[in-house]
Amino acid sequence: MKRAIFPGSFDPITLGHYDIIKRGVTLFDELIVAIGINSDKNYMFTLEERKAFIEHAFAKEPKVKVMTYEGLTVDFCKKNDIAFILRGLRNPADFEFEKAIAHTNRNLAPIETVFLLTSAETSYIASSIVRDVIRNNGDYTKLVPQSVRMK
């Protein structure tokens, strides 16, 4: 069984994340959307809210599971018998950053990173932008899945 993890903070999940998950699920038998917990970060949404946003967005997709974790992504992968890390790339800066992490992860464990380019329609969307729009009472609904719009 080919299992992959799509790690992130998902604060909140965006249409860019949604696109990568929808396309990534076609490549693997199981795709775990793994919400990383970083105690140094101040999140806009609680862990429970972020998890619910993703679970509701993929309620009809049995190959998508949502889990949370702390620590290194590769340790989570080893503990859960996951061989692949899925990452989305929006631009060249993302590639350079993600490439360094992928090399480090491969050095720490036998885990491959698979990159998918974001779709042109969602390549500009970042969670930080969505949070800024929300904080300033802007219309964020075109940037996130329906499950976040319920908030």
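None of these values were measured; they are calculated from a predicted model.

About the criteria used
- Residues numbered from 1 in each chain as written.
- Predicted model: local features only at pLDDT ≥ 70, side-chain atom pairs only at ≥ 80, totals over all residues.
- Heavy atoms only, no water.
- UniProt positions renumbered as here; feature names shortened; annotations may be inferred.
- Helix = DSSP H or I, 4+ residues; strand = E, 2+ residues; numbered from the N terminus.
- Phe/Tyr/Trp six-rings, centres within 6.5 Å; stacked < 30°, edge-to-face > 60°.
- Buried < 20%, exposed > 50% of the residue type's maximum accessible area, 1.4 Å probe, protein only.
- Lys NZ or Arg CZ within 6 Å of the ring centre and 35° of its normal.
- Pairing = 2+ DSSP bridges.
- Axes fitted to C-alpha atoms, helices over the stretch in contact; angles between N-to-C directions.
- Contact = heavy atoms within 4.5 Å.

Peer 1: Tell me about the UniProt feature "domain: Cytidyltransferase-like" (unreviewed entry) in the chain, and please be specific about residues and values.
Peer 2: Under the local residue numbering, the UniProt record ascribes the feature "domain: Cytidyltransferase-like" (unreviewed entry) to residues 5-132. Within the segment residues 5-132, helix and strand shares are 40% and 24% respectively, and the terminal C-alpha atoms sit 27 Å apart.

Peer 1: Break down the packing of aromatic side chains for me, citing the residues and quoting the values.
Peer 2: Throughout the structure, instances matching the rule amount to 6 aromatic pairs. Arranged with centres 6.1 Å apart and planes meeting at 65°, the rings of Phe-95 and Phe-115 form a pair that is edge-to-face. You can see Phe-95 sitting in helix α4 (residues 92-108) and its partner Phe-115 sitting in strand β5 (residues 112-117), a full 20 residues away along the chain. When its relative accessible area of 28% is taken as the criterion, Phe-115 is described as partly exposed. Sitting over the face of the ring of Tyr-43, Arg-50 holds its NZ or CZ atom 3.8 Å from the ring centroid.

Peer 1: Hey, could you go over the sheet that holds strand β4 (residues 84-89) for me, with residue numbers and the actual values?
Peer 2: Here we have 5 strands laid out as an open sheet, ordered β3-β2-β1-β4-β5, and parallel in their pairing. Edge positions in the open sheet fall to β3 (64-70) and β5, since each of these has one partner strand only. When strand polarity is set aside, the average angle formed by the axes of neighbouring strands in this sheet is 35°. Looking at chain direction, strand β1 (residues 3-8) and β4 are connected through 2 bridges and run parallel. Each bridged residue has a counterpart across the sheet, and for Ile-5 the counterpart in β4 is Ile-85. Contacts from helix α1 (residues 15-24) reach β1, β2 (30-37), β3, β4 and β5, with the element oriented near 115° to β5. This element, helix α2 (residues 47-57), spans β2 and β3 of the sheet and lies at about 160° to β2.

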